[in-house]
Amino acid sequence: MEIINLFPGSFASNCYILRQGGQAFIIDPSTSAASILARIREENLTPVGILLTHGHFDHILSIDTLRAAARESGFDLPLYIHEGDAPMLTDGEKNGFTFFFGQNRVYTPADVLLKDGDEMPLGGGKVKVIHTPGHSPGSVCYLCIEPTGNARILVTGDTLFADNIGRWDLWGGNRDTLFRSLGLLRTLDGKLTIYPGHGDTEKLSRALDNVMYIL
């Protein structure tokens, strides 16, 4: 599998295109629908859906415009989010927009509500859901598994960055829960490369070591 980062997205959030076998998932569409679809066309990919790592506004800004533009191009893009974060799409208080800007910004509900361990096929490979709550109730990481069964990529959203972790003071966040989620990540292959919601990539083991001072 390969992953393309369409940074910079709005509010310095990373937007990823995950590709395998000519198909692609769009992860956390924070940048414009036009730029996402332009890159999809440039790479000659067939988009099959939108995966959200969590429901904060800075990671979901273009989901509605993206889905509408994709339909005009002949693609249906089902939206996936963990069931714990589903309410954030339709509530500006929960997705954080009201907290920061004093306005209620909402989006259409998701098509698919995910649970821990769910797997979505992609071009002969698959994407596995790892529930890592704490930053938000339904924060997830996506383990990207190639057709061979190997995995090199872990999309971590705002659970883990290269040298920091996500905040826990917004709706549904919890410090102790987040720390337990980081402990879960410690059980995975440390050689995985993390692709976080903000900032640069890093090896999983090194990223976890970098945040030990917080734990």
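Above: the structure in question.
Residues numbered from 1 in each chain as written. Predicted model: local features only at pLDDT ≥ 70, side-chain atom pairs only at ≥ 80, totals over all residues. Heavy atoms only, no water.

Within the largest apolar cluster, 26 residues are counted, with the highest numbers of intra-cluster contacts made by I26, I50, L52, I63, L66 and L89. Mapped onto this core, the elements with two or more residues apiece are β3 (23-27), α1 (33-42), α2 (63-72) and β5 (79-82). The dominant element in this core, judged by the number of residues it contributes, is α1, at four residues. Membership of the second largest hydrophobic core comes to 19 residues, among which are I27, M120, Y142 and I153. (Core = buried A, V, L, I, M, F, W, Y, C linked by side-chain atoms within 4.5 Å. Buried < 20%, exposed > 50% of the residue type's maximum accessible area, 1.4 Å probe, protein only. Helix = DSSP H or I, 4+ residues; strand = E, 2+ residues; numbered from the N terminus.)

The subject of this paragraph is the pairing of strand β4 (residues 46-51). Pairing analysis gives five bridges linking β3 to β4, with the strands arranged parallel. Pairing of F25 across the sheet is with G49, part of β4. Crossover β3 to β4 through α1 is right-handed. Bridge count for β4 against β5 is two bridges, and the pairing is parallel. The residue of β5 that forms the bridge with I50 is L79. (Pairing = 2+ DSSP bridges. Right-handed = clockwise from strand over helix to strand, strands pointing away.)

Attention now moves to unusual backbone geometry. Notably, D28 is not glycine yet its phi reads approximately 55°, a positive angle. Position of D28 among the secondary structure elements: in the loop between β3 and α1. With a phi angle near 55°, N44 is a residue other than glycine that sits in the positive phi range. Secondary-structure assignment places N44 in the loop between α1 and β4.

The next thing to look at is a nonpolar patch on the surface. The grouping of F11, F99, F100 and F101 at the surface amounts to a nonpolar patch, some 430 Å² of accessible area in total. Inspection of the secondary structure puts F101 in helix α4 (residues 97-101). For F101, a relative accessible area of 40% gives the class partly exposed. (Patch = residues over 30% accessible without salt bridge, like charges linked within 9 Å, V, L, I, M, F, W, Y side chains within 5 Å. Areas by Shrake-Rupley, 256 points an atom, 1.4 Å probe, with all protein chains shown as cover. Salt bridge = Lys/Arg side-chain N within 4 Å of Asp/Glu carboxyl O.)

Strand order in the open sheet formed by six strands is β7-β8-β9-β10-β11-β12, and the pairing between neighbours is mixed. Looking along the sheet, the strands with just one partner apiece sit at the ends: β7 (119-122) and β12 (202-203). Direction of pairing for strand β8 (residues 125-131) relative to strand β9 (residues 140-145): antiparallel, over a ladder of six bridges. Bridging from a neighbouring strand, H131 pairs with V140 of β9.

Ordered in space as β1-β2-β3-β4-β5-β6, the six strands form an open sheet in which the pairing is mixed. Edge positions in the open sheet fall to β1 (2-5) and β6 (112-114), since each of these has one partner strand only. In this sheet, adjacent strand axes meet at a mean angle of 25° when their direction is disregarded. In this structure, β1 lies alongside strand β2 (residues 16-20), joined through four bridges in antiparallel fashion. If you follow N5 over to β2, its bridge partner there is Y16. Each of β3, β4 and β5 touches α2; the most contacted strand, β4, lies at about 160° to it. (Axes fitted to C-alpha atoms, helices over the stretch in contact; angles between N-to-C directions. Contact = heavy atoms within 4.5 Å.)

A word on the packing of α1 against α2. Two measures define how a pair of helices packs: the angle their axes make with one another and the distance between the axes. Interaxial distance between α1 and α2 falls to 9 Å at its minimum, and their mutual angle equals 45°. Judged by the inter-axis angle, α1 sits oblique to α2. For the crossing formed where α1 meets α2, the hand is right-handed. Here α1 contributes A33, I36 and L37 to the contact with α2, which in turn contributes T65, L66, A69 and A70. Here the contact of α1 with α2 is built from residues that sort into six nonpolar, one polar and no charged. (Parallel < 35°, antiparallel > 145°, perpendicular 65-115°, else oblique. Left-handed = near helix turned anticlockwise from the far one by under 90°. Nonpolar A, V, L, I, M, F, W, Y, C, P; charged D, E, K, R; others polar.)

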